[in-house]
Amino acid sequence: MKSEINLTMLTDFYEFTMMNGFLNEGYKDRIAYFDMFYRHVPDNGGFAIMAGIDQMIEYIKEIEFTEKDIEFLRSKGIFCEEFLDYLRNFRFECDVWAIPEGTPIFPGEPIVTVRGPVIQAQLVETMILLTINHQSLIATKANRIVRAAQGRTVMEFGSRRAQGYTGATIGARAAYIGGVHGTACTISDEIYGIKAMGTMAHSWVQLFDSEYEAFKAYARTYPDGCTLLVDTYNVLKSGMPNAIKVFDEVLKPLGKRPAGVRIDSGDITYLSKKCRKMLDEAGYSDCKIVASNSLDEYIIRDMLLQGAKIDSFGVGERLITSKSEPVFGGVYKLVAVENENGEIVPKIKISENVAKITTPGFKQVHRLYSRKDSSALADVITIHGEKIDDSKPYTIFDPDHTWKKKTVTDFYVRELLKPVFVKGECVYESPSVEVLREYCKMEVDGLWEEVKRFENPHTYYVDLSKDLWELKQRMLEEYQNQEIK
């Protein structure tokens, strides 16, 4: 979806103060490498789902500073005219790599890498984080909910609870990549081709003189896809009897079958069992039961464990906002620069909080798959250009507890970071959301079941190659020696 407003200025103000400083200090053209990665899987899950690349591409393609933007920055009184002239003639010239949307991703591994003049690579930080963090969060939550539904249809119903209109439209896109079957958001169907779904609200039922008349009118209007909302008054005493009566009196004479009934309140597990019995006894065993009302993966899982007779779920606020953990937490860190000879000089951020120590250097992520069943075995982060020979056994080791080792055999390897921009030109063609959804399902199916547990999932192996591990240790030791001196 092409932006209707210029998003170039949607960036943290410190990007501009740093950019101006880089220019003043003669670092404008210094080549720098930045990685985006995240540290913690939302909801303490075993993995996240990559999403947001398409919107990142759109933003980068449209970067352009208008005279209004230039005048606004000039009004701050802290930027030199040379810097403002640079922005006026700005052209993006960086290289960008990213892991494709729909791919399971894990903490600590680079999911986007930007290489180019530091003044440019710094500018795009905010929007890269904004797009990838948001969509990866929603795609991850959607995937959890879809897996909890165990093959039943899941619809994204969260537009009215989303945090802003882009949260609704782009959130629906991310949810679809994560595995939902459709959305209540009509514009997301128009833009992305995600099937818009929905029938009626309680207001439809309340508007008519009786529930029966409301159902009858809806069945006459939509005989080929009639789903009736049966909980406006009383599901078992009113809603279901009136729905069955309308199915008999309106649909059956037309040779039509009802699509479903929807329950939006009450003890849905209990009610679904009773509704199923009533429908079956009335000859409508093919009529589906839809459940909605503040659902999430845990509620859906428990409902099914308790024998709920539900065929599909409409999930709203807890999906579109990822209510249980609404922050993805990806970060964007400098990992290397190039010296005057073009040599890559690794950089590291050190912290007393071990989790915040970065992995230095220009890197690639390799995923190792079993040749037997194509299941994912491990990820190995390497120095860029380093190859993993899958024709012979390969030993991986835990980067923190190095005595934990495993030798992988009979595997094949895939490099995950793919070129998106080369010298500022986009070289990546984004697949359709349909393709991304199917790819996501295939990749998640290839993970160990233990990694997909909702509680206490197995920690998937994300290791460093020997060369990269030694580089990181050497830099940590050098820093420690400097501190001692």
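If you're wondering where the values come from, they're calculated on a predicted model, not measured in any experiment. (Residues numbered from 1 in each chain as written. Predicted model: local features only at pLDDT ≥ 70, side-chain atom pairs only at ≥ 80, totals over all residues. Heavy atoms only, no water.)

**Side note on the layout of surface pockets**
Okay, so step 1: When its volume is computed, the largest pocket comes out at roughly 1,300 Å³.
Okay, so step 2: If you go around the largest pocket, you meet 42 residues; those closest to its centre are P107, G108, P399, D400 and V462.
Okay, so step 3: Within the residue set of the lining of the largest pocket, elements represented by two or more residues are β1 (31-37), β16 (394-397), β17 (405-408), β21 (462-464) and α16 (466-484).
Okay, so step 4: When its residues are assigned to classes, the lining of the largest pocket shows 21 nonpolar, 11 polar and 10 charged. (1 Å grid on protein atoms, 1.4 Å probe; cavity = no way out; pocket = protein on both sides within 12 Å on 5 of 7 lines; lining within 4 Å. Points joined across faces, edges and corners; volume = space filled by probe spheres on them. Helix = DSSP H or I, 4+ residues; strand = E, 2+ residues; numbered from the N terminus. Nonpolar A, V, L, I, M, F, W, Y, C, P; charged D, E, K, R; others polar.)

**Things to note about the packing of helix α3 (residues 67-75) against helix α4 (residues 81-88)**
Okay, so step 1: Two elements in contact, α3 and α4, have axes whose closest approach is 10 Å; the angle formed by their N-to-C orientations is 160 degrees. When the axis of α3 is compared with that of α4, the two are roughly antiparallel. Relative to α4, α3 is oriented so that their crossing is right-handed. Touching E67, I70, L73 and R74 of α3 are E81, L84, L87 and R88, all from α4.
Okay, so step 2: Taken together, the residues that form the contact of α3 with α4 break down as 4 nonpolar, no polar and 4 charged. (Axes fitted to C-alpha atoms, helices over the stretch in contact; angles between N-to-C directions. Parallel < 35°, antiparallel > 145°, perpendicular 65-115°, else oblique. Left-handed = near helix turned anticlockwise from the far one by under 90°. Contact = heavy atoms within 4.5 Å.)

**Considering the sheet that holds strand β12 (residues 331-338)**
Strands pair in a sheet through their backbones, by hydrogen bonds, and they do so in one of two ways: parallel or antiparallel.
Okay, so step 1: Ordered by their spatial adjacency, 7 strands build an open sheet running β13-β12-β1-β5-β3-β19-β20, and the pairing between neighbours is antiparallel. Of all the strands in the sheet, the pair left with one neighbour each is β13 (344-346) and β20 (425-426).
Okay, so step 2: Judged from the 2 bridges that link them, strand β19 (residues 418-422) and β20 form a sheet pairing that is antiparallel. From the neighbouring strand, V422 faces β20, where its bridge partner is E425.
Okay, so step 3: Lying on the sheet, helix α2 (residues 53-61) is in contact with β3 (95-98), β5 (112-117), β19 and β20; it crosses β19 at an angle near 15 degrees. (Pairing = 2+ DSSP bridges.)

**Describing the environment of N44**
Okay, so step 1: With respect to the element layout, N44 can be found in the loop between β1 and β2 (48-49).
Okay, so step 2: Owing to a relative accessible area of 52%, N44 belongs among the exposed residues under this scheme.
Okay, so step 3: Along the chain, N44 and K76 lie 32 residues apart, while their C-alpha atoms are 43 Å from each other. (Buried < 20%, exposed > 50% of the residue type's maximum accessible area, 1.4 Å probe, protein only.)

**With respect to the side chain of D231**
Okay, so step 1: Checked against the element boundaries, D231 lands in the loop between β8 (227-229) and α11 (235-251).
Okay, so step 2: The charged side chain of D231 is buried without a salt bridge, its nearest counter-charge being R262 at 6.4 Å.
Okay, so step 3: For D231, the side chain forms a polar contact with the main-chain nitrogen of D264, separated by 3.4 Å.
Okay, so step 4: For D231, the residues in contact, after removing those within four places along its chain, are H202, R262, D264 and S265. (Lys, Arg positive; Asp, Glu negative; His and termini not counted. Salt bridge = Lys/Arg side-chain N within 4 Å of Asp/Glu carboxyl O. Polar contact = N/O pair within 3.5 Å; in protein donor to acceptor, adjacent residues only side chain to side chain.)

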